[in-house]
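Here's the letter readout for the chains.
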Amino acid sequence: MKRRMGWGRCPWPDGRRSPYSWRQMNTCLLGDNRDSSEDSRFGNIGNVKADQIAGRVWLRVFPAFKNWIYRSLRIGENNMNIQWYPGHMTKAKRAMKEDIKLIDLVIELVDARVPFSSRNPDIDELAAGKARMVLLNKADLADETMNSRWAELFQSKGIHVVKIDARNKGTLKQVHSVVQEACKEKIERDRRRGILNRPIRTMVVGIPNVGKSTFINSFAGKACAKTGNKPGVTKGNQWIRLNKTLELLDTPGILWPRFEDQQVGLNLALIGSINDQILNKDELALELIRFLEKTYPGILAQRFSLEYTEGAKEEQSPVSILEGIARSRACLMKGGELDLARAAAL
């Protein structure tokens, strides 16, 4: 529920009288109704499980309250309901269904850091009966051991795999040969029919901001597709002729209508595939810190040169680590207070 408070003065967290009135603050409360509760931060959240929201409060307030909120807010596992499926994705999906009959090979880009979460489950149905290739993009940012394991998994399903960095042309050299290998049956079939030198037509698909257009530009050696560090830059399908033997169809990034597993939605938010205007970056930062500390202990301390007092390393909470990052990067507000919102956006 949303409430506008009266004109009375709102207290500081320690009980002292503050100069600000409740009416000067936008206060959003999350209810604990077991049947239906609405999160006022997200318009499409729908029903929320009571154990995920009970007792939680989010205030958009003056900077003086910012740090107290971080310390007092109870953040549990997967308590964010992330959904994003804008209208242009429905149109794009229909266009892809129409164009797939012209396609010989479907090239799917996934983010090597979260290969499962960054695969649209609708692509398997769309590409049924077509040759398949998966490009593990941003492999240089992922764990190489996990890259190899994911490559083996895709290959076991008959899908050709190449680990790439779309910005590095050197990692794209083997893509041409793998395309030929994936389409050798089609090439042989054309040869038997007397059809020579017909170009292989490929459709490049993937979720938003996974690097499709960057890959195409690097692969073609020229700026063919518009790129940007945000989801939804490519809005429509575009044919690109690389040479006499290969044509690419660049497609918009599409998601699926609903994330049943909220961990998938969280992973996509963390890699920038969700429109950040609907996200709470502060909570995302704390979730990422929690994951990294559990999976790769000490990596944040090394990256941001964090110093722990002896014996206190194991006691570090996500909030205290974020505070350390704010100190390390001089994220400060007026008066020397730590600016945790700025640190969360690093």
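The structure under discussion appears in the preceding block.
This report concerns the structure included in the present document. (Residues numbered from 1 in each chain as written. Predicted model: local features only at pLDDT ≥ 70, side-chain atom pairs only at ≥ 80, totals over all residues. Heavy atoms only, no water.)

Concerning the packing of aromatic side chains
And step 1. Overall, the coordinates contain 3 aromatic pairs when judged by the stated rule.
And step 2. Aromatic pair tryptophan 150 and phenylalanine 154: ring centres 6.0 Å apart, planes at 35°, arrangement tilted. You can see tryptophan 150 and its partner phenylalanine 154 sitting in helix α5 (residues 144-156), 4 residues apart, about one turn around the helix.
And step 3. For phenylalanine 154, a relative accessible area of 2% translates into the label buried.
And step 4. Note on phenylalanine 215 and phenylalanine 219: the rings are 5.2 Å apart at their centroids and 15° apart in plane angle, and the pair reads as stacked. Taken together, the residues span about one helical turn, with phenylalanine 215 and phenylalanine 219 both in helix α8 (residues 212-220) at a distance of 4 residues.
And step 5. What makes phenylalanine 219 buried here is its relative accessible area of 10%.
And step 6. Seen from the ring of phenylalanine 304, arginine 303 lies directly overhead, with NZ or CZ sitting 5.5 Å from the centre. (Phe/Tyr/Trp six-rings, centres within 6.5 Å; stacked < 30°, edge-to-face > 60°. Helix = DSSP H or I, 4+ residues; strand = E, 2+ residues; numbered from the N terminus. Buried < 20%, exposed > 50% of the residue type's maximum accessible area, 1.4 Å probe, protein only. Lys NZ or Arg CZ within 6 Å of the ring centre and 35° of its normal.)

Overview of the sheet that holds strand β9 (residues 238-243)
And step 1. Ordered by their spatial adjacency, 6 strands build an open sheet running β7-β6-β5-β8-β10-β9, and the pairing between neighbours is mixed. Looking at the sheet topology across the chains shown, the edges are occupied by β7 (160-163) and β9. For this sheet the average axis-to-axis angle between neighbouring strands, irrespective of direction, equals 25°.
And step 2. In this structure, strand β6 (residues 131-137) lies alongside β7, joined through 4 bridges in parallel fashion. Within the sheet, the bridge partner assigned to valine 134 lies in β7 and is valine 161. (Pairing = 2+ DSSP bridges. Axes fitted to C-alpha atoms, helices over the stretch in contact; angles between N-to-C directions.)

A word on the pattern of salt bridges
And step 1. Per the counting criterion, the structure on display carries 20 salt bridges.
And step 2. Here lysine 101 makes a salt bridge to glutamate 98, at a shortest N to O gap of 3.9 Å. Comparing lysine 101 with glutamate 98, the two get one shared label, exposed.
And step 3. Notably, a salt bridge pairs glutamate 247 with arginine 201, separated by 3.2 Å at the nearest N-O pair. Highlighted residues: glutamate 247 in strand β10 (residues 246-250) and arginine 201 in strand β8 (residues 200-205), separated in sequence by 46 residues.
And step 4. We classify glutamate 247 as buried; its relative accessible area is 11%.
And step 5. Residue classification places arginine 201 among the partly exposed residues on the basis of a relative accessible area of 29%.
And step 6. Bridged by salt links that share partners, the residues Asp104, Lys186, Asp190 and Arg198 form one connected network. (Salt bridge = Lys/Arg side-chain N within 4 Å of Asp/Glu carboxyl O.)

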